[in-house]
Amino acid sequence: MKKGISVVVTGLIVTVVGGLCLNYFTENDTSDSGATNTEGSVNLKCIEKYGEGWTWNEQKQQCEKIIDLESRTFSVPLSEKITSLEGRMDFYLNKERLVDIDAEGRAMYENNVGVLQVVISIMKGKKMVGSFRERILDANDGSICTIRSLPKTTGWLKKMQVSYSLQLKNDCNKLRDPCSSSITDHGKRVYLKIQKLTLVIVKDGCTNY
């Protein structure tokens, strides 16, 4: 009988001590689960405010939406035959470069939040022999703040309000390049393919980007 009582008492002690230990480690848990729960709750607030697809960027301290724009191929007819590719592919974010120019011969632009425009210029020496422009995205839910994997512009291109630009001679056709090209129709047409682009969209403007 005493042996049975001893077993019961021992079991109670183990149960109580085990419960205290479990409670201690639960209250003092500093693992990533808390951070994950917090991040999840903030993501939920972004979804409740803006809809599915919106997540919280802790570094930027704002909601954002990441979208993938699938690869596209552009066909550019040329006025003269070429044997090598020169020129640029320019990307305009939240604005479009117009076909018209002003009285002083300068480019004209139109602000258009959520629009991504591509403008392609094919050169033969200093002469433009082919051009192409197209609005390839019209995001109705915010401003396009970033295109990942593309080089941002500097210098005079940035002053011309070009957000990103590819030099067709240097940035196409090598391994992992964002674009590829081919010259067809006896040198009178160029096909340009851009790989999938990942864009960041923000509701409240791109101040933090």
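Refer to the preceding data block for the structure.
Residues numbered from 1 in each chain as written. Predicted model: local features only at pLDDT ≥ 70, side-chain atom pairs only at ≥ 80, totals over all residues. Heavy atoms only, no water.

Our focus in this paragraph is the packing of aromatic side chains. Scanning the entire structure with this criterion turns up three aromatic pairs. Ring geometry for Y92 and Y109: centres 6.0 Å apart, planes at 45°, overall tilted. Here Y92, found in strand β4 (residues 87-101), pairs with Y109, found in strand β5 (residues 107-124); they are 17 residues apart in sequence, far enough to count as distant. Relative accessible area serves as the criterion here: at 21%, Y109 is assigned to the partly exposed category. Positioned above the aromatic ring of Y209, the side-chain terminus of K60 is 4.8 Å from the ring centre. (Phe/Tyr/Trp six-rings, centres within 6.5 Å; stacked < 30°, edge-to-face > 60°. Helix = DSSP H or I, 4+ residues; strand = E, 2+ residues; numbered from the N terminus. Buried < 20%, exposed > 50% of the residue type's maximum accessible area, 1.4 Å probe, protein only. Lys NZ or Arg CZ within 6 Å of the ring centre and 35° of its normal.)

Okay, the pattern of salt bridges next. The final tally for this structure, using the stated rule, is twelve salt bridges. With its nearest N and O atoms 2.8 Å apart, the salt bridge here joins E96 to R135. Of the two residues, E96 sits in strand β4 while R135 sits in strand β6 (residues 127-138), which places them 39 residues apart along the sequence. In this structure E96 comes out as buried when scored by relative accessible area, which is 11%. Here the salt bridges share partners, and the residues they tie into one network are E80, K124 and K127. (Salt bridge = Lys/Arg side-chain N within 4 Å of Asp/Glu carboxyl O.)

The strand order across the open sheet built from four strands is β1-β2-β11-β7, with neighbouring strands paired in antiparallel fashion. Edge strands, defined here as strands with exactly one partner in the open sheet, are β1 (54-57) and β7 (143-148). Pairwise comparison of adjacent strand axes, ignoring direction, gives a mean angle of 40° for this sheet. Two elements, β7 and strand β11 (residues 197-202), share five bridges in a ladder whose sense is antiparallel. Bridging across to β11, T146 finds its partner in V200. (Pairing = 2+ DSSP bridges. Axes fitted to C-alpha atoms, helices over the stretch in contact; angles between N-to-C directions.)

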